[in-house]
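For reference, the chains in residue letters:
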Amino acid sequence: MEQLDPARPWGKGLIQDVKRTLSTHFVKEMTNFNQRTVAVSLLMFITVIAPTLTFGAIYGSSTEFHIGAVETIIATAWTGVFSSLFSGMPMCSVGSTGPVLIMMTAIYDLSKDIGVPFPQFYAWVSVCWMFVYTTVTAFFDLTRYVKLATRFTDDIFALLIVSIFILNAVGSPFRPVGLLRYFDPDKIVHVELKEEVGAPEEYSYVKTALLSILIGFAMTGTIFAVRSLKTCPFLCSQKVRDSFHDFAVTIAVIVWSSVKHLGFPSIETEQLKVPDAFEPTTYACCTANCTTYWPDDCPDATAPFGT
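Because the structure is predicted, anything quoted here is derived from the model rather than measured.

## Quick look at the overall build of the protein
In terms of regular secondary structure, the protein is built from 11 helices and 0 strands. Along its sequence from the N terminus, the protein presents helices and strands in the succession α-α-α-α-α-α-α-α-α-α-α. By residue count, 23% of the 307 residues in the protein fall in the buried class. Of the roughly 21000 Å² of accessible surface on the protein, a fraction of 69% belongs to carbon and sulfur atoms.

## Let's talk about unusual backbone geometry
Positive phi values are uncommon outside glycine, yet Asp 141 reaches one of about 60 degrees. Its location among the elements puts Asp 141 in the loop between helix 6 (118-139) and helix 7 (151-170).

## Points about a nonpolar patch on the surface
A surface patch of nonpolar side chains, amounting to about 1200 Å² of accessible area, comprises Trp 10, Leu 14, Trp 124, Val 127, Phe 131, Val 132, Val 136, Phe 139, Phe 140, Leu 142, Tyr 145 and Leu 148. Within the fold, Leu 14 resides in helix 1 (residues 12-22). Take Leu 14: its relative accessible area is 39%, and that puts it in the partly exposed class.

## A short note on the pattern of salt bridges
Summed over all chains, the structure comprises 1 salt bridge. The partner of Arg 151 in a salt bridge is Asp 155, with the nearest N and O atoms 3.3 Å apart. In this pair, Arg 151 and Asp 155 both sit in helix 7, 4 residues apart, roughly one turn of the helix. You can call Arg 151 exposed: its relative accessible area is 62%.

## Quick word on the packing of aromatic side chains
Scanning all chains against the criterion turns up 6 aromatic pairs. Their ring planes at 65 degrees and their centres at 5.1 Å tell us that Trp 10 and Phe 140 sit as a pair that is edge-to-face. Of this pair, Trp 10 sits in the segment before helix 1 while Phe 140 sits in the loop between helix 6 and helix 7, and the two are 130 residues apart along the sequence. Ring pairs connect the aromatic residues Trp 10, Phe 139 and Phe 140, which therefore count as one cluster.

## Describing the environment of Val 255
Tracing the chain through its elements places Val 255 in helix 11 (residues 248-263). For Val 255 and Thr 222, which are 33 residues apart along the polypeptide, the C-alpha to C-alpha distance reads 9.1 Å.

## Points about the confidence of the model for the protein
Summary statistics for the protein give a mean pLDDT of 78 and a share of 84% for residues scoring 70 or more. Mean pLDDT values over the elements of the protein span from 73, in helix 2 (residues 26-30), up to 91, in helix 9 (residues 205-227).

## A look at the packing of helix 9 against helix 11
Direction vectors running N to C along helix 9 and helix 11 enclose 150 degrees, while the axes themselves pass 9 Å from each other. Helix 11 is crossed by helix 9, and the crossing has right-handed handedness. Facing helix 9, whose interface residues are Leu 211, Ile 215, Ala 218, Met 219, Thr 222, Ile 223, Val 226 and Arg 227, helix 11 presents Ala 248, Val 249, Ile 251, Ala 252, Val 253, Trp 256 and Lys 260. Here the residues of the contact of helix 9 with helix 11 are counted per class, giving 12 nonpolar, 1 polar and 2 charged.

## Examining the side chain of Lys 260
Relative to the assigned elements, Lys 260 resides in helix 11. Summary of buried charges: Lys 260 has no salt-bridge partner, and the nearest side chain of opposite charge, Glu 268, is 5.6 Å away. In this structure Lys 260 touches Leu 211, Ile 215, Pro 265, Ile 267, Thr 269 and Gln 271, once residues within four positions along its chain are discounted.

## Concerning the environment of Thr 137
You can see Thr 137 is positioned in helix 6. On the basis of relative accessibility, which here comes to 18%, the residue Thr 137 falls in the buried class. For the pair Thr 137 and Gly 11, spaced 126 residues apart in the sequence, the C-alpha separation amounts to 9.9 Å. Contacts of Thr 137, omitting those with residues within four sequence positions, involve Leu 142 and Thr 143.

Reading the values: rules and limits
- Residues numbered from 1 in each chain as written.
- Predicted model: local features only at pLDDT ≥ 70, side-chain atom pairs only at ≥ 80, totals over all residues.
- Heavy atoms only, no water.
- Helix = DSSP H or I, 4+ residues; strand = E, 2+ residues; numbered from the N terminus.
- Buried < 20%, exposed > 50% of the residue type's maximum accessible area, 1.4 Å probe, protein only.
- Areas by Shrake-Rupley, 256 points an atom, 1.4 Å probe, with all protein chains shown as cover.
- Patch = residues over 30% accessible without salt bridge, like charges linked within 9 Å, V, L, I, M, F, W, Y side chains within 5 Å.
- Salt bridge = Lys/Arg side-chain N within 4 Å of Asp/Glu carboxyl O.
- Phe/Tyr/Trp six-rings, centres within 6.5 Å; stacked < 30°, edge-to-face > 60°.
- pLDDT = per-residue confidence, 0-100.
- Axes fitted to C-alpha atoms, helices over the stretch in contact; angles between N-to-C directions.
- Left-handed = near helix turned anticlockwise from the far one by under 90°.
- Contact = heavy atoms within 4.5 Å.
- Nonpolar A, V, L, I, M, F, W, Y, C, P; charged D, E, K, R; others polar.
- Lys, Arg positive; Asp, Glu negative; His and termini not counted.

What follows is the structure, given as structure tokens:
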């Protein structure tokens, strides 16, 4: 059985961590700007922006647009940067997840039931629960018990996360997400694309599904192929091969996005829904026909707090 390190309660562990970090690798890592940091930054942006916008839209529908895509982008950006700089876990990927959505929806429903403003209630839940919980855990050095978790626990959790990502990417039998789900003619994206085309009889969900699946699997294959260049005998030097490996995801996204827009401009595919203006979601138009904001348009929308 793994032996625990001596306990460092009452903030002693925090003080030692700060001293060990600031006096050794903190400054070096914070000033280590090179090609690899640029590649990782682009990878993180591509990896985080899609679920951020997706969850932002779901947050909006679940909280009557008290929290939406814009708020989710801001929160993900500043918490990700702050966590990378000061949390001691620079490789931690901060972003929206399903459990957070479930908790937020439950808190919103509870705030409506007890008649308190949701933004303030949600903020106090975050402060009183997350901040106090993590502070107490660090202050009494309770994190040392993580050492008791075996490799089996780590592998099981990794298998769970990988399975969820692969299942949601290919096609989940439990949720309407994944590439294979494009063959469902009732998928909501097909309804939206028909409206964008303007001529529903000219829209073919089969073409959209086939192109989406081909591009999805081709992009995945391109990523693995470009990454494999790191150990191949081709190209002029190991530095060039490392560069292709670092920018594999970025290269694949640019190549296949260009293939779609230049080679198949007449076939509609699902796009990331990016807000037209950087403004609070509560004040966004509820339909495509409105020209102003609440209360002139969208009178049925929930009034923003403080108005």
